[in-house]
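Topology and contacts: notes
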Amino acid sequence: MRGHVGEIFSSVQGEGLLVGRRQVFIRFAGCSLRCSYCDTRRYWDPKPTECRVEVSPGAGRFRRVRNPLPAEEVAERALALLTPDTHSVSLTGGEPLEAGDFLVEVASSLEGRGVRLYLETNGSQPATMERVLPYLRHLSLCVKLRGQGSVPEKEWEGLFEREMDCARMASRAGAETFLKVVVRGEEDLKDFEGVCDRLAELGLPLVLQPATAGRRVVPLRELLPFSRAAAERGVREIALIPQVHRLWGVR
Ligand code: SF4
């Protein structure tokens, strides 16, 4: 089947517990959430006319190919960018789960070729998560806080429960999973404290990531209360990790 992809390129993972690992990134197009801190807004469009594909691993030069692309071609183009130091292929977005069967086909094709897969998701689509999980080795699940504008206020609880479903499923399936919460500063603390007990129940590591897109640098003194609140409520493994790819001026 065919689907829409924003870009395919080789770089270094800049977030979360796999930070610093070389990866090939497949950025699926489209996301229906609207997080106020989003740094990939140009991939909200689910049907971009073109996908940019890096010409060689890490070259930073791209050629444009027309969307929609067959799943097999997406997998082949990612495989062409593998290097001996590549840790895994990151299925990212936008929101990759919104690609549904197209995502599952790309994942199945790559996993069948012996590639280790890492999914970066907001966990909003448990049905697709269930289908793609058998192909995943690693998973980053970004939990959205009530006040972050991701969905209208009245839809937030539904989103949060879907995120929890995806996290439990991933944990049961044995994928190496961590939760991520992007923190805009002290304005998010009350909402964060409100979900900490639920996050702790999952027994998964938690990454607190200061928001950076077009914002002030969140001072460490504003972040530490989040780490403390999570520990007090029973989250056992907590890491504060900023987006390191920004040090290299990479988006
Ligand atoms: S879920 Fe991710 S891609 Fe979608 S709006 Fe939020 S930060 Fe952006």
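Parameters and conventions
Residues numbered from 1 in each chain as written. Predicted model: local features only at pLDDT ≥ 70, side-chain atom pairs only at ≥ 80, totals over all residues. Buried ≥ 20, exposed ≤ 12 C-beta atoms within 10 Å, placed from the backbone. Helix = DSSP H or I, 4+ residues; strand = E, 2+ residues; numbered from the N terminus. Pairing = 2+ DSSP bridges. Axes fitted to C-alpha atoms, helices over the stretch in contact; angles between N-to-C directions. Parallel < 35°, antiparallel > 145°, perpendicular 65-115°, else oblique. Left-handed = near helix turned anticlockwise from the far one by under 90°. Contact = placed C-beta atoms within 7 Å. Nonpolar A, V, L, I, M, F, W, Y, C, P; charged D, E, K, R; others polar. Arc of directions from axis to C-beta.

**Some details on the pairing of strand β2 (residues 5–12)**
Both faces of the sheet carry side chains from a regular strand, because those side chains alternate between them. Across the eight residues of β2, six count as buried, placing the element largely inside the fold. By the bridge criterion, seven bridges tie β2 to strand β3 (residues 22–28) in an arrangement that is antiparallel. Directly across from Val-5, in β3, lies its bridge partner Phe-28. Note that β2 and strand β4 (residues 50–54) share two bridges and pair parallel. Bridge pairing in β4 links Ile-8 to Val-53.

**Structural notes on unusual backbone geometry**
Asn-67 connects to Pro-68 through a cis peptide bond whose omega is -5 degrees. Structurally, the position occupied by Pro-68 is in the loop between β5 (62–66) and β6 (69–70). The omega angle of the peptide bond from Gly-93 to Gly-94 is 20 degrees, so this bond is cis rather than trans.

**Regarding the packing of helix α1 (residues 71–79) against helix α2 (residues 101–112)**
Packing of α1 against α2 brings their axes to within 9 Å, and their N-to-C directions diverge by 45 degrees. Accordingly, the angle class assigned to the pair α1 and α2 is oblique. The crossing of α1 and α2 is right-handed. Along the contact surface, α1 presents Ala-71, Glu-72, Val-74, Ala-75 and Ala-78, while α2 presents Phe-102, Glu-105, Val-106, Ser-109 and Leu-110. Of the residues in the contact of α1 with α2, the class split is seven nonpolar, one polar and two charged.

**What about α1?**
Every buried residue of α1 is accounted for by Ala-71, Val-74, Ala-75 and Ala-78. Considered in projection along α1, the buried side chains sweep an arc of 95 degrees and stay on one side of the axis. Residues of α1 that are buried sit in contact with β1 (2–3), β2, β3, β6, β7 (88–92) and α2.

**Topic: the sheet that holds strand β10 (residues 176–183)**
Reading across the sheet, the 10 strands line up as β5-β4-β2-β3-β7-β8-β9-β10-β11-β12 and stay open at both edges, with mixed pairing between neighbours. Lying at the two open borders of the sheet, with one neighbouring strand each, are β5 and β12 (238–240). With strand direction ignored, the average angle separating the axes of adjacent strands in the sheet is 20 degrees. The pairing of β10 with strand β11 (residues 206–210) spans five bridges and is classified as parallel. Bridge pairing in β11 links Val-182 to Gln-209.

**Re the environment of Val-207**
As for its position among the elements, Val-207 is in strand β11. Spatially, the C-alpha atom of Val-207 lies 8.5 Å from that of Glu-237, the residues being 30 residues apart in sequence. Apart from the residues within four sequence positions on either side, Val-207 is in contact with Gly-16, Leu-17, Phe-178, Lys-180, Ala-239 and Ile-241.

Keep in mind these numbers describe shape, not what the thing actually does.
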